[in-house]
Amino acid sequence: MTTRIGVVGAGFIAGRHVESLTALDGVAVAGVADPQADRARALAKRAGATAYGSWQDLLDGEDLDALYVCVPPHQHGDVEEAAVDAGLPLFVEKPLAGDLPTAERLAARIEAAGLLTAVGYHWRYLDTLEQARGLLADAPPRLLLGAWLDTAPNVPWWARQDQSGGQTVEQATHLLDVGRVLAGEVAGGFATGGRSPDGPGDVLDVCTASLRYESGAVGTFSNSCVAPRRYRIGVQVVAPGLGLELTEHELRITDAAGERTVPRQADPIAVEDAAFVAAVRGEGDDVRAPYAEALRTHRVAVAVAQAAAADGGTVQL
Ligand SMILES: NC(=O)c1ccc[n+]([C@@H]2O[C@H](COP(=O)([O-])OP(=O)(O)OC[C@H]3O[C@@H](n4cnc5c(N)ncnc54)[C@H](O)[C@@H]3O)[C@@H](O)[C@H]2O)c1
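Residues numbered from 1 in each chain as written. Predicted model: local features only at pLDDT ≥ 70, side-chain atom pairs only at ≥ 80, totals over all residues. Heavy atoms only, no water.

**Description of the packing of aromatic side chains**
Reasoning step 1: A complete count under the given rule lists 3 aromatic pairs for this structure.
Reasoning step 2: Ring geometry for Y68 against F91: centres 4.4 Å apart, planes inclined by 10°, an arrangement best described as stacked. Note that Y68 is positioned in strand β4 (residues 66-69) and F91 in strand β5 (residues 90-92), a separation of 23 residues in sequence.
Reasoning step 3: Measuring from ring centre to ring centre gives 5.7 Å for F91 and F276, while their planes differ by 70°; the resulting arrangement is edge-to-face. Here F91, found in strand β5, pairs with F276, found in helix α9 (residues 268-280); they are 185 residues apart in sequence, far enough to count as distant.
Reasoning step 4: With a relative accessible area of 0%, F91 lands in the buried category.
Reasoning step 5: We classify F276 as buried; its relative accessible area is 0%.
Reasoning step 6: Of the aromatic side chains, those joined through ring pairs into one cluster are Y68, F91 and F276. (Phe/Tyr/Trp six-rings, centres within 6.5 Å; stacked < 30°, edge-to-face > 60°. Helix = DSSP H or I, 4+ residues; strand = E, 2+ residues; numbered from the N terminus. Buried < 20%, exposed > 50% of the residue type's maximum accessible area, 1.4 Å probe, protein only.)

This is how it looks when you write it as structure tokens:
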């Protein structure tokens, strides 16, 4: 049985998913929808799929087993509603939306429908994150230090607050998600941020948050988009007798024995896609960030962004 997948949005991340989906046995990317016709055509050609100008035409034109939603943050909403109506398992790229009410509304509908979902928090599929969890099992984290110091992505929606939700919601959300995986739920905190003429669009170009976890651990998470290039992206953790530094590519471990670096073994996006497809086929149960779980991270990211926009506000969850 071939699992037929539709892809909505034909930009950068859709290309990554098409790459890993087309490498899986028994999977066909059947259709790709994007209002930018050249993009839809190019990605459909790579996938051996049909190109569509809208997700409505894709849903009308194909008999699908699952739908990937890879649109900019402000474009979430109607497409997920249509998937719920059609009972179509959904893979949604993070962030769930540029705002919180859209994500809360969709979460309620998805929950009521009992729909299978997965969200693209792909750091959860880093084998190095699993290793970090193992090391922390006997020495729970006391302090987390997350940083996403980068340049602004060159896509038209990114630097617009009303479209992307800003850098914390769009990018640093991966780190806040890792924080939840390692230290549990966030109880509250404070955040501040700012904008300067050097920053792009109308988003905060610096943001820093101090968070308290229910476990008693504390964390600070900072992001900036005025670095000249991808500069530092990762989370450091201090636990009794243990220091960890996780990036998307490796884990550095410091303990009584010294320091060692463990590179990741597998591409987490490929593992994430394989896990979702296995769940769709009823052959696996390793979706690590279903919609409801991703919503808990999105709530933290939006709360941090709102507190930072208020310039020294309380992170209210
Ligand atoms: N998991 C990750 O690490 C990761 C990495 C990159 C991007 N993303 C996320 O994926 C999303 C897309 O990012 P990107 O870098 O691919 O952006 P992009 O701008 O390269 O691509 C987005 C595409 O969506 C299309 N689009 C817009 N509205 C649409 C609609 N209503 N229907 C169909 N297509 C529509 C655009 O025309 C564009 O081609 C963002 O939310 C981003 O945060 C996640």
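**Here we look at helix α1 (residues 12-21)**
Each turn of an α-helix holds 3.6 residues, which means side chains three or four residues apart point in the same direction.
Reasoning step 1: Within the span of α1, buried status applies to A14, G15, H17, V18, S20 and L21.
Reasoning step 2: Turning to α1, the residues buried within the fold contact β1 (3-8), β2 (27-33), α2 (37-47), β4, β5 and α9. (Contact = heavy atoms within 4.5 Å.)

**Regarding the site of the ligand**
Reasoning step 1: The local shell around the ligand holds 25 residues, among which D34, R39, H122, W157 and E170 are the closest.
Reasoning step 2: K94 is positioned with one of its side-chain polar atoms (N or O) 3.0 Å from an oxygen atom of the ligand.
Reasoning step 3: Expressed as a share of its isolated accessible area of 850 Å², the protein-covered part of the ligand is 87%.
Reasoning step 4: Put simply, the parts of the chain that give the shell around the ligand at least two residues each are α1 and α8 (167-183).
Reasoning step 5: Looking at side-chain class alone, the shell around the ligand contains 13 nonpolar, 7 polar and 5 charged residues. (Near = heavy atom within 4 Å. Polar contact = N/O pair within 3.5 Å; in protein donor to acceptor, adjacent residues only side chain to side chain. Areas by Shrake-Rupley, 256 points an atom, 1.4 Å probe, with all protein chains shown as cover. Nonpolar A, V, L, I, M, F, W, Y, C, P; charged D, E, K, R; others polar.)

**Regarding the pairing of strand β10 (residues 218-224)**
Within a regular beta strand, the side chains point alternately toward one face of the sheet and then the other, so they alternate between its two faces.
Reasoning step 1: Pairing between strand β7 (residues 143-149) and β10: 7 bridges, direction parallel. Bridging from a neighbouring strand, L145 pairs with T220 of β10.
Reasoning step 2: Judged from the 7 bridges that link them, strand β9 (residues 206-213) and β10 form a sheet pairing that is antiparallel. Opposite T208, over in β10, you have S222 as the bridge partner.
Reasoning step 3: Hairpin remark: β9 followed by β10, antiparallel, with 4 residues in the connecting loop; positive phi at G216, about 100°. (Pairing = 2+ DSSP bridges.)

**Remarks on the pairing of strand β14 (residues 258-263)**
Reasoning step 1: As defined by bridge partners, strand β13 (residues 250-255) adjoins β14 across 6 bridges and the pair is classed as antiparallel. From the neighbouring strand, E250 faces β14, where its bridge partner is P263.

**Comments concerning the UniProt feature "domain: GFO/IDH/MocA-like oxidoreductase" (unreviewed entry) in the protein chain**
Reasoning step 1: In this structure's numbering, the residues bearing the UniProt feature "domain: GFO/IDH/MocA-like oxidoreductase" (unreviewed entry) are residues 153-237.
Reasoning step 2: When the span residues 153-237 is considered, its composition is 25% helix and 35% strand, and the gap between its end C-alpha atoms is 27 Å. (UniProt positions renumbered as here; feature names shortened; annotations may be inferred.)

**A few points about the sheet that holds β4**
Reasoning step 1: Spatially, β3-β2-β1-β4-β5-β6 is the arrangement adopted by the 6 strands of the open sheet, whose pairing is parallel. One side of each edge strand has no neighbouring strand; the edge strands of this open sheet are β3 (50-52) and β6 (117-119). Each strand of the sheet is rotated relative to its neighbour by a mean of 20°, with strand direction disregarded.
Reasoning step 2: In terms of strand pairing, β1 meets β4 through 4 bridges, oriented parallel. Each bridged residue has a counterpart across the sheet, and for V7 the counterpart in β4 is Y68. (Axes fitted to C-alpha atoms, helices over the stretch in contact; angles between N-to-C directions.)

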